[in-house]
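# Report on the structure
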Amino acid sequence: MRRAIFPGSFDPITLGHFDIIERGAKLFDELIIAIGINADKKYMFSLEERKKFIEDAFMYVPNIKVVAYRGLTVDFCLENDVEFILRGLRNPADFEFEKAIAHTNRDLAPIETVFLLTSAKTSYISSSIVRDVIRNNGDYTKLVPKSVRI
Ligand code: ADP
């Protein structure tokens, strides 16, 4: 069983995440969307809301599961029999950031990080831009799956 995790904050899930998840789910037997809980971070959406947005978006995809976790991603992987970490790459800044994390994770545990390059159509989307559009009453619906409702 090839099991992968796609970790993130998903505050909220965007069409960029959606694209990576949809494509990633075809590469693995099971893809776990793992919402990291960071007590120091202030979120726009509650954990329950963020979880529901993702669950509703992938309601009809049987090999996608949504969970929340605390602590190191590699520890979650070891405890849940996960061999792969899936990440999306948008630009060189993502690459530099992700490279350091992937090397660190490989030092900590024998887990491979697999990168998917973002689709051209969604490469500019980030959760922080979506939150900014929402805060300023803009039309956020073009940037997120239909399940994200405020
Ligand atoms: P974090 O808050 O931990 O950065 P995010 O929820 O923003 O988590 O991102 C989780 C993953 O989704 C990361 O691998 C990130 O590169 C990827 N991602 C975010 N936005 C996009 C996008 N528009 N296209 C492709 N991947 C994306």
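What comes next concerns the included structure. (Residues numbered from 1 in each chain as written. Predicted model: local features only at pLDDT ≥ 70, side-chain atom pairs only at ≥ 80, totals over all residues. Heavy atoms only, no water.)

## Describing the sheet that holds strand S4 (residues 84-89)
This is how the line gets drawn: Strand pairing is assigned whenever DSSP detects at least two bridges linking the two strands. By definition, any uninterrupted DSSP run of H or I lasting at least four residues is a helix, any uninterrupted run of E lasting at least two residues is a strand, and each is numbered from the N terminus. Lines fitted to C-alpha atoms define the axes, with helix axes restricted to the stretch in contact, and inter-axis angles between N-to-C directions lie between 0 and 180 degrees. Two residues form a contact once any of their heavy atoms are found within 4.5 Å.
The strand order S3-S2-S1-S4-S5 describes an open sheet built from 5 strands, whose pairing is parallel. Both edges of this open sheet fall to strand S3 (64-69) and strand S5 (112-117), since each of them pairs with a single strand only. Between one strand and the next, the sheet's axes are offset by a mean angle of 30°, whatever the strand orientation. As defined by bridge partners, S4 adjoins S5 across 6 bridges and the pair is classed as parallel. Note that in S5 the partner of leucine 86 across the bridge is valine 114. The sheet strands contacting helix H1 (residues 15-24) are strand S1 (3-8), strand S2 (30-36), S3, S4 and S5, and the helix crosses S5 at an angle near 120°.

## Structural notes on the packing of aromatic side chains
Note the threshold: Working definition: rings of Phe, Tyr and Trp (its six-membered ring) pair if their centres are within 6.5 Å, and the pair is stacked with planes under 30 degrees apart, edge-to-face with planes over 60 apart, and tilted otherwise. Type-normalised accessible area, obtained with a 1.4 Å probe on protein chains alone, sets the label of each residue: buried when under 20%, exposed when over 50%, and partly exposed for intermediate values. As a reminder, the over-ring test applies to NZ of lysine and CZ of arginine, requiring each to be within 6 Å of the ring centre and within 35 degrees of the ring normal.
Counting across every chain of the model gives 5 aromatic pairs. A centroid spacing of 5.3 Å and a plane angle of 80° characterise the contact between phenylalanine 45 and phenylalanine 53, whose relative ring orientation is edge-to-face. The residues phenylalanine 45 and phenylalanine 53 share a single accessibility class, namely buried. Ring geometry for tyrosine 69 and phenylalanine 76: centres 5.3 Å apart, planes at 50°, overall tilted. This pair shows no difference in class: tyrosine 69 is buried, exactly as phenylalanine 76 is. Above the plane of the ring of tyrosine 43 lies arginine 50, whose end atom (NZ or CZ) is 3.8 Å from the centre.

## Regarding the site of the ligand
Inclusion rule: One heavy atom suffices: a residue is near a molecule or strand as soon as one of its heavy atoms comes within 4 Å of it. Two N or O atoms form a polar contact when they lie within 3.5 Å of each other; inside protein one atom must be a possible hydrogen donor and the other a possible acceptor, and for residues adjacent in sequence the pair counts only when both atoms belong to side chains. The method behind every accessible area is Shrake-Rupley, applied with a 1.4 Å probe, and residues are considered shielded solely by the protein chains displayed. Here the term charged refers only to Asp, Glu, Lys and Arg, the term nonpolar to Ala, Val, Leu, Ile, Met, Phe, Trp, Tyr, Cys and Pro, and the term polar to all other amino acids, Gly among them.
Lining the immediate environment of the ligand, one finds 17 residues, of which Ser9, Gly88, Thr118, Thr122 and Ile125 sit closest. Between serine 9 and the ligand, the recorded distance is 2.7 Å, taken from a side-chain N or O atom to an oxygen atom. Relative to its free-state accessible area of 550 Å², the ligand is covered by the protein chains to the extent of 86%. Classifying every residue of the shell around the ligand by side-chain character gives 5 nonpolar, 7 polar and 5 charged.

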